[in-house]
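Topology and contacts: notes
Each chain, written out:
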Amino acid sequence: MKPYSDRRARLLARMEPGSVAVIGTAPEVARNADTEYPYRHDSSFYYLTGFSEPEAVLLLVAPRGTAGAQSILFCREKHAESEIWDGYRYGPEAARDAFGFDFAFPIGALDEHMVRQLANATALYAPLGRSAAASAQQQRWLEGVRKLARSGATAPPVLRDLPPLVEEMRLFKDEHESAIMLRAGEISAGAHARAMRFARPGVYEYELEAELLHEFRRHGAQFPAYTPIVASGPNACVLHYNANNRRVQDGELVLIDAGCELDGYASDITRTFPANGRFSKPQQALYELVLAAQQAAFGAIAPGRQYHDAHDAAVRVLAQGMLDLGLLAGTLDEVLAQKTYTRFYMHGTGHWIGMDVHDVGLYRDTAREDKPSRLLQPGMAMTVEPGIYVRPAPGVPEQYWHIGIRIEDDVIVRDGGYQLLTGGAPKTVAEIEALMT
Ligand code: GLY
Ligand code: MN
Ligand code: MN
């Protein structure tokens with residue numbers, strides 16, 4: 001309960017005195033007929049509440065004068081019959097006590113409470129312009145307050161967008177979050193090792209996917225953090241491939257990009273390995289290049305470095321390697337200036353990671369006119385994922401055709417450097433070959 005109530009207190013401290021903030025969780029989504037997609041809460045709502053039932057709204061009231069701060073949950077009521085079909089629900093009273101809210105009310109009472117809370121509030125913080133339904137709901141509340149004008153009530157004169165405040169908080173992982181992310185990284189690393197052990201020529205990509213999912217679930221991870229990519233041979237050159245239905249051939253590489261979501265936190269790992277357990281010479285040459293690029297990127301991660309330094313470091317190594325291996329012609333300066341390396345390396349070297357696999361948080365200092373890359377600070381979590389993808393084309397050495405390689409790990413920035421969360425997944429050529437023999 002404490003990490004969540006601390007976060008609410010920190011958010012309340014940033015709000016204007018006498019203002020109100022409201023944030024709802026995610027809706028349930030129908031898959032077809034009577035079935036729904038597995039329910040997943042809204043990340044920012046969960047960050048502030050720890051409450052993972054659908055149909056819930058958090059209301060925060062900032063202190064003013066002698067009136068203290070209030071933290072109020074609206075949630076589903078207890079319902080004997082629904083609970084027979086769909087399982088336990090807290091109901092307001094138990095939720096209030098279990099999650100540390102000052103008050104909790106049935107979700108059906110939200111509109112009435114909001115009108116009352118918004119009367120004479122100094123500002124409303126809410127997600128603005130993100131969902132038509134939420135905007136219509138806000139409009140209804142404000143109309144409700146205006147109807148009270150004769151009794152002297154005024155509607156909040158200011159609307160503020162709430163998500164950026166929460167997202168800036170989410171960018172810095174506290175100890176509670178870091179511990180879950182480390183565990184998620186360990187589970188995912190184990191899943192990659194398991195898939196490598198299971199791999200052999202003739203296996204189907206989906207069989208490897210099944211090994212990953214089995215390993216995630218048997219350790220209690222609730223979901224994959226994203227649809228796993230199990231890409232053999234030429235499929236590895238399709239960045240978001242996830243049909244996962246091809247039969248793996250002898251002599252090919254297999255690229256697996258997969259991570260579990262544990263207790264609301266994502267992990268995101270990519271490993272690339274030979275189907276038969278031994279890298280060929282050309283495969284190894286490209287693999288060692290990507291690995292060197294990742295090492296260079298790691299070397300650029302520490303407090304005070306710019307976010308984009310890791311990408312630039314990886315690109316430099318990859319570009320030089322592409323020249324050395326005959327994939328590109330020219331000088332390093334030309335390749336970097338003209339970005340010709342993007343023919344074989346066309347994505348960024350990472351992203352923030354946390355509750356969302358591509359997590360929230362600004363990458364640039366938007367307060368400054370030139371919007372420079374943000375400086376890294378302890379607690380920021382990011383992926384490091386260089387790659388190389390060689391599609392057949394005239395002038396491209398044939399021995400590299402159809403090779404796609406990515407190596408991806410997750411780190412948290414710490415004083416003096418970073419903490420690796422995903423080190424349990426075999427990565428060097430020697431480690432991989434040893435595991436697979
Ligand atoms: N798995 C998504 C990514 O690597 O960004
Ligand atoms: Mn990934
Ligand atoms: Mn990633």
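For clarity, every value in this text was computed on a predicted model and none was experimentally measured.

1. What about the site of ligand 1?
In the vicinity of ligand 1, the contacting residues are Tyr226, Asp257, Asp268, His351, His358, Glu385 and Glu408. Measuring from an oxygen atom of ligand 1, one finds a side-chain N or O atom of His358 at 2.6 Å. Measuring from an oxygen atom of ligand 1, one finds a side-chain N or O atom of Glu408 at 3.2 Å. For ligand 1, whose unbound accessible area comes to 200 Å², protein coverage reaches 84%. A majority-of-atoms criterion places ligand 1 in the second largest pocket. Classifying every residue of the shell around ligand 1 by side-chain character gives one nonpolar, two polar and four charged.

2. Thoughts on the sheet that holds strand E19 (residues 417-420)
With respect to topology, three strands assemble into an open sheet ordered E15-E18-E19, the strand pairing being antiparallel. Two strands in the sheet have a free side with no partner beyond their single neighbour: strand E15 (381-384) and E19. Within this sheet the neighbouring strands show an average axis-to-axis angle of 40 degrees, counted without direction. As paired strands, E15 and strand E18 (residues 409-414) are joined by four bridges and run antiparallel to one another. Looking at E18, one finds that Met382 is bridged to Val411. Lying on the sheet, helix H8 (residues 175-198) is in contact with E15, E18 and E19; it crosses E18 at an angle near 155 degrees.

3. Considering the sheet that holds strand E10 (residues 229-232)
With antiparallel pairing, the three strands of this open sheet are ordered in space as E10-E11-E14. Both outer strands of the open sheet, E10 and strand E14 (269-274), are each paired with one neighbouring strand and no more. Neighbour to neighbour, the strand axes of the sheet diverge by 10 degrees on average, direction disregarded. Sitting on the sheet, helix H9 (residues 205-218) is in contact with E10 and strand E11 (253-258), with an inclination near 150 degrees to E10.

4. Here we look at the coordination of the manganese ion (ligand 3)
At 2.0 to 2.2 Å from the manganese ion (ligand 3) lie its protein donor atoms, namely Asp268 (OD), His351 (NE2), Glu385 (OE) and Glu408 (OE). Note that the manganese ion (ligand 3) binds six donor atoms; their angles at the metal cover 51 to 155 degrees, and the shape is irregular. Spacing between the donor residues of the manganese ion (ligand 3) along their common chain follows D-x82-H-x33-E-x22-E. A separation of 3.3 Å is found between the manganese ion (ligand 3) and the manganese ion (ligand 2), which are bridged by Asp268.

5. Some points on the side chain of Arg374
Position of Arg374 relative to the elements: it lies in the loop between helix H12 (332-338) and E15. Of the polar contacts made by the side chain of Arg374, one reaches the side chain of Glu168; its length is 2.5 Å. Setting aside its immediate chain neighbours within four residues, Arg374 contacts Glu168, Leu171, Phe172, Arg305, Gln306, Tyr307, Leu362, Tyr363, Arg364, Asp365 and Met380.

6. Some words on helix H4 (residues 91-99)
For an α-helix, 3.6 residues make a turn, and residues three or four places apart therefore share a direction. Within H4, the full set of buried residues consists of Gly91, Pro92, Ala95 and Phe99. The buried side chains of H4 occupy one side of the element, clustering within an arc of 125 degrees when seen end-on. Summarising the geometry of H4, the exposed residues directed more than 90 degrees from the buried face are Glu93 and Asp97. Buried-residue contacts for H4 involve helix H1 (2-14), helix H2 (43-49), strand E5 (70-75) and strand E6 (103-106). Immediately downstream of H4, the backbone of Gly100 shows phi near 75 degrees, a positive value.

Rules and cut-offs
Along every chain, residues carry numbers that run from 1 in the direction the sequence is written. Whichever chain is written first is A, and whichever ligand is written first is 1; the rest continue in order. The predicted nature of this model means local features are confined to residues of pLDDT at least 70 and side-chain atom pairs, given and counted, to a pLDDT of 80 or more, with totals for whole chains, interfaces and linings taken over all residues. Heavy atoms from the whole structure form the basis of all side-chain values; hydrogens and water molecules are not counted. One heavy atom suffices: a residue is near a molecule or strand as soon as one of its heavy atoms comes within 4 Å of it. Any pair of N or O atoms that falls within 3.5 Å is considered a polar contact. Within protein, one atom must be able to donate a hydrogen and the other to accept it, and sequence-neighbouring residues count only if both atoms are side-chain atoms. To measure how exposed things are, a 1.4 Å probe is used in the Shrake-Rupley method; for residues, cover is taken only from the protein chains shown. In this analysis a 1.4 Å probe is tested at points of a 1 Å grid over the protein atoms alone, and where it fits but cannot get out there is a cavity; an open set with protein on both sides within 12 Å along at least five of seven lines is a pocket; lining residues have an atom within 4 Å of a point. To qualify as sitting in a cavity or pocket, a molecule needs more than half of its atoms within 2 Å of the grid points. Only Asp, Glu, Lys and Arg are considered charged, only Ala, Val, Leu, Ile, Met, Phe, Trp, Tyr, Cys and Pro nonpolar, and every remaining residue, Gly among them, polar. Strands are labelled as partners when DSSP assigns at least two bridges between them. Put simply, DSSP marks the helices as runs of H or I at least four residues long and the strands as runs of E at least two long, and each gets a number from the N terminus on. In this analysis an axis means a line fitted to C-alpha atoms, helices contributing only their contacting stretch, and an angle means the value between N-to-C directions, from 0 to 180 degrees. Throughout, a contact is declared for two residues whenever any of their heavy atoms are within 4.5 Å. With water omitted from the atoms examined, metal sites may look incomplete; donors here are N, O and S atoms no farther than 2.8 Å from the metal, or 3.2 Å in the case of Na, K and Ca. Irregular is the default label, applied whenever a site is not tetrahedral (four donors, all angles between 85 and 135 degrees) and neither square planar nor octahedral (four or six donors, opposite donors over 155 degrees apart, all other angles between 65 and 115). Here's how the labels work: a residue is buried when its accessible area is under 20% of the maximum for its type, exposed when over 50%, partly exposed in between, all with a 1.4 Å probe on protein chains only. Directions pointing from the helix axis toward each C-beta atom define the arc.

Remember that the coordinates give geometry; whether it matters functionally is a separate question.
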